[in-house]
Amino acid sequence: MSQGGDARSRSGVPNDSLRTLKLDEGASVRDELYRSIRDDRKPVLVVMSGNEIGARRKLSDNIVAGRAPDAGLHLSDAGVSWHHARFEDRGGDWAVVDLGSTNGVTVNGKKCAEAILKANDRIALGRTVLRFEEQDAIAAAYDEQMERMVSIDDLSGLLLRRRFDRETSLLLDAARQKGGALGLIVMDLDGVKKINDTHGHVYGAHVIGGAGHRIGDVLRGRAIASRFGGDEFCAAVADADADKCVAIAHEILHAIGDKPFEKDGLVLRVGVSIGVASFPADATDAATLFRLADEAMYRAKQAGKHRVSR
């Protein structure tokens, strides 16, 4: 039996798994860095504090910031006016202009009617603080990745609950403003506990993630959806009454129940119980709307599971 490892380890030369790989000069980090430096820097607003903390808005055209659902930068802060401020392209510079807001616009602690913005300026609108940045390609890619990390559930590919709640609030405000409808669909998988108990949580997680992706496929372009935790999901459908939501819910029912999930040669089958409620027919606020859809989902469970209830 050899003592002290092989000859390369004893001589101080690392084995292959510890070597540093030499980058191909044609696509080196240096070349990528130089290319990013040559790129035009892009302006962006980052929400530093407030209800939308972490949100980023790239600036390419003039936008209005305010509580209005159709504002280019929607801020749900009650101290922000409906149309609070406009961010304007001044031909190479960007400016912020107060639109007659109740609480005014403050840039770096100084209240102003308008101001030309510089990198890292802090703009206060109500209790919300924005930072004006000029980003190169690397910083922009980093921000996009960070925004994905705080917005998307890795397992299902759907929105995290915090982001979903924020987007649903926007959809509800828009429905109120336009006199439209908003449907809410609450879903809970049937049979995941049995899979966990029989095969282990790795297999249960595989089914939960797969079901989330199927829900996303059904809803793509029509609604937003979230995994609320565990094996429960929720979706908000703009311009949809209860009947339209029930039809979409049956599509989800078939997408999950008609085809089994497979992992390591095991065939795994689950169902889904779904509840539906809609604004304004069933409720006029988000909390009541969710409660009614959740109660409808439990009625589906009690009626035999893998079905839709309203």
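Structural data are supplied above this passage.
Residues numbered from 1 in each chain as written. Predicted model: local features only at pLDDT ≥ 70, side-chain atom pairs only at ≥ 80, totals over all residues. Heavy atoms only, no water.

Draft legend 1. Structural context of the packing of aromatic side chains. Counting across every chain of the model gives two aromatic pairs. With a centroid separation of 5.6 Å and 75° between ring planes, the pair formed by Phe 164 and Phe 228 is classed as edge-to-face. Here Phe 228 lies in strand β13 (residues 224-229) and Phe 164 lies in helix α4 (residues 161-178), a separation of 64 residues in the sequence. Since its relative accessible area comes to 2%, Phe 164 is described here as buried. (Phe/Tyr/Trp six-rings, centres within 6.5 Å; stacked < 30°, edge-to-face > 60°. Helix = DSSP H or I, 4+ residues; strand = E, 2+ residues; numbered from the N terminus. Buried < 20%, exposed > 50% of the residue type's maximum accessible area, 1.4 Å probe, protein only.)

Draft legend 2. Region of the structure containing the pattern of salt bridges. A complete count under the given rule lists 16 salt bridges for this structure. Across the pair Lys 193 and Asp 197 runs a salt bridge whose closest N-O atoms are separated by 2.8 Å. Separated by four residues within a single helix, Lys 193 and Asp 197 lie in helix α5 (residues 192-199), roughly one turn from each other. Here Lys 193 matches Asp 197 in class, with each residue exposed. Among the ionic contacts, a cluster of salt bridges with common partners joins Arg 86, Glu 88, Arg 90 and Glu 114. (Salt bridge = Lys/Arg side-chain N within 4 Å of Asp/Glu carboxyl O.)

Draft legend 3. Summary view of the side chain of Ser 309. Tracing the backbone through its elements, the reader meets Ser 309 in strand β18 (residues 308-309). Residue classification places Ser 309 among the buried positions, given a relative accessible area of 13%. A polar atom in the side chain of Ser 309 sits 3.4 Å from the backbone oxygen of Ala 296. (Polar contact = N/O pair within 3.5 Å; in protein donor to acceptor, adjacent residues only side chain to side chain.)

Draft legend 4. Representation of the sheet that holds strand β3 (residues 63-66). One open sheet accounts for five strands, arranged β4-β3-β5-β6-β9; its pairing is mixed. At either end of the open sheet lies a strand with only one pairing partner, and these are β4 (73-74) and β9 (114-116). Bridge count between β3 and β4: two bridges; the pairing is parallel. Bridged to Ala 65 within β4 is Leu 73. (Pairing = 2+ DSSP bridges.)

From the geometry alone we can't say anything about function, so treat these as descriptive.
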